[in-house]
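Close look at the chain arrangement
The chain contents come next:
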Amino acid sequence: MARIHIQLPEPFAFATEITLYQSHMNYGGHLDNALLLTLVSEARVRFFKALGYTELDVEGVGILVADAAVQYRSEAFYGEVMVVHMTATDLGSKGCDLVWCMREHSSQREVARGKTGIVFFDYSRRQVAPVPTAFCDRLAALPLRE
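Presented here is an overview of the structure given in this document. Since this is a predicted model, take the numbers as computed values, not measurements.

1. Digging into the nonpolar core
Counting 36 residues, the largest nonpolar core has F47, F48, W100, M102 and F135 as the members making the most contacts within it. Contributing elements (two or more residues each) for this core: β1 (14-19), α1 (33-50), β2 (62-72), β3 (81-89), β4 (95-104), β5 (110-122) and α2 (133-141). The greatest single-element share of this core, amounting to six residues, is contributed by α1. Beyond its immediate stretch of four places on either side in the chain, F47 contacts F14, M86, T87, A88, L98, L139 and L142.

2. Brief notes about the environment of G95
Positionally, G95 belongs in strand β4. Here G95 falls in the buried class, since its relative accessible area comes to 11%. A C-alpha to C-alpha distance of 9.1 Å links G95 and V128, two positions 33 residues apart in sequence. With sequence-adjacent residues up to four places away left out, G95 is seen in contact with D90, I118, V119, F120 and V131.

3. Structural notes on the packing of aromatic side chains
Taken as a whole and judged by the stated rule, the model has six aromatic pairs. Arranged with centres 5.7 Å apart and planes meeting at 80°, the rings of F47 and F48 form a pair that is edge-to-face. Accessibility assignment for this pair places F47 and F48 in one class, buried. Centre to centre, the rings of F121 and Y123 are 4.9 Å apart; their planes meet at 75°, and the pair counts as edge-to-face. One aromatic cluster is present, formed by F14, F47, F48, Y53, F120 and F135 through successive ring pairs.

4. Regarding the environment of V128
With respect to the element layout, V128 can be found in strand β6 (residues 127-128). V128 gets classed as partly exposed once you look at its relative accessible area, which sits at 42%. Considering only alpha carbons, one finds V128 and Y21, 107 residues apart in sequence, at a separation of 36 Å. Contacts of V128, omitting those with residues within four sequence positions, involve K94, F120 and F121.

Criteria and cut-off values
- Residues numbered from 1 in each chain as written.
- Predicted model: local features only at pLDDT ≥ 70, side-chain atom pairs only at ≥ 80, totals over all residues.
- Heavy atoms only, no water.
- Core = buried A, V, L, I, M, F, W, Y, C linked by side-chain atoms within 4.5 Å.
- Buried < 20%, exposed > 50% of the residue type's maximum accessible area, 1.4 Å probe, protein only.
- Helix = DSSP H or I, 4+ residues; strand = E, 2+ residues; numbered from the N terminus.
- Contact = heavy atoms within 4.5 Å.
- Phe/Tyr/Trp six-rings, centres within 6.5 Å; stacked < 30°, edge-to-face > 60°.

Structure, rendered in structure tokens:
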């Protein structure tokens, strides 16, 4: 069976720390695979906030998640601090990919990596919208992080 392979860009445009809580753990005592995407969603909200936006207002339009791909790399445990790095890649006319990598803060152990495809969406018209030019400009202005 073919496995998903996600190539990470270097460097990333954004990073944020998220502490793992007991509610993130599963019966095996490690980070629940489904809740990993909840953590990535939180990082995405913070990424847009760093750009001066919310997910519902990026220059007057919002975003929708179109697809997601994940590669799990190692376990993560209660109390650990995750650093989620994120950047936008493959900008098209209607959307882009948000590529991310999650590492444990102290050891730098990679826990997971992934890609979330987003499209811009005009909620008042209920239709896909073009990528706002100002969004691209703000992305270009972000300092890159290793």
